[in-house]
Amino acid sequence: MLRVACSAHNARAFKAARDWLEHCGLQVAVHAVGESIPGSYWGEPEAGLVRDTVHVRADTPLHSLLHEASHALCMGADRRARLYRDAGGDDIEESAVCYLQLCIAREIEAIGEQTLERDMDAWGFSFRAGSTLAWFTADAQDARDWLIARPHLTSLLPATFPSSDVASEAAC
């Protein structure tokens, strides 16, 4: 499982993710291993979310960083301004968050969607279709539709969706 900085490759992947997320208007705060992670819903070492900042440690899984960042990106500025720990939202928004984190991983060469899919499966994400890959390619139309319906997200979506002909702008 890719973690924020447990190896040279992971550190490169984290830097690429952090740069991409900062370009999209989010901040990433790194805390020392052993410190508590502000805003962590699942507890350490999982990422935390406070307003527009994702909090991580070196042992935080990269999929957790991308998941919490995707929550922040999916919500409007008013909701984000009040955000601490629990992103809220409904089931379809949670699916959209999962979909968006895979789109982000696709854009970051040092991570890639296949690595993220494996990590999400290993962590225990569960989808109607079974694996993350099966869901993403064959059962995520509702998540895609949710994302497409939000104009502030269209620049983050891939030009071509898996198993779909939906088009959007280039990535963030």
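Let me sum up the structure you'll find in this document. (Residues numbered from 1 in each chain as written. Predicted model: local features only at pLDDT ≥ 70, side-chain atom pairs only at ≥ 80, totals over all residues. Heavy atoms only, no water.)

Re the environment of L21
Formally: For the purposes of this entry, the term helix denotes a DSSP run of H or I that reaches at least four residues, the term strand denotes a run of E that reaches at least two, and both are numbered from the N terminus. Accessible area is worked out with a 1.4 Å probe on protein chains only. A residue is then buried under 20% of its type maximum, exposed over 50%, and partly exposed in between. Note on contacts: a residue pair is in contact if any heavy atoms of the two residues lie within 4.5 Å.
Tracing the backbone shows L21 in helix α1 (residues 8-23). According to the relative accessible area criterion, L21 is buried, its value standing at 0%. Sequence-distant contacts of L21, defined by excluding residues within four places in its chain, comprise L26, V28, L65, L66, A69, L73 and I104.

Quick notes on the pairing of strand β3 (residues 53-57)
As a reminder, the rule being used: Pairing between two strands is assigned when DSSP locates at least 2 bridges connecting them.
Judged by how many residues are buried, β3 sits mostly within the fold: five of five residues are covered. In this structure, strand β1 (residues 27-31) lies alongside β3, joined through five bridges in parallel fashion. Counterpart to V28 in the pairing with β3 is V54. Bridge count between strand β2 (residues 48-50) and β3: three bridges; the pairing is antiparallel. Bridge pairing in β3 places V50 opposite T53. Where β2 folds back on β3, the antiparallel hairpin that results is connected by two residues, among which R51 adopts a positive phi of roughly 50°.

Some details on the sheet that holds β3
To keep things clear, this is the line we draw: In this description, a line fitted to the C-alpha atoms serves as the axis of each element, helices being fitted only across the stretch in contact, and the angle between N-to-C directions of two axes falls anywhere from 0 to 180 degrees.
In space, the three strands of this open sheet follow the order β1-β3-β2, with mixed pairing throughout. In the strand order of this sheet, the two ends are held by β1 and β2, each with one partner. Within this sheet the neighbouring strands show an average axis-to-axis angle of 30°, counted without direction. Taken strand by strand, α1 contacts β1 and β3, and its axis lies near 140° from that of β1.

Concerning the environment of V54
Counting through the fold element by element, V54 comes out in strand β3. When the C-alpha positions of V54 and A29 are compared, they lie 6.2 Å apart, and in sequence the two are 25 residues distant. Among all residues touching V54, those that are not within four sequence positions of it are Q27, V28, A29, A47, G48, L49, L65, E68 and A69.

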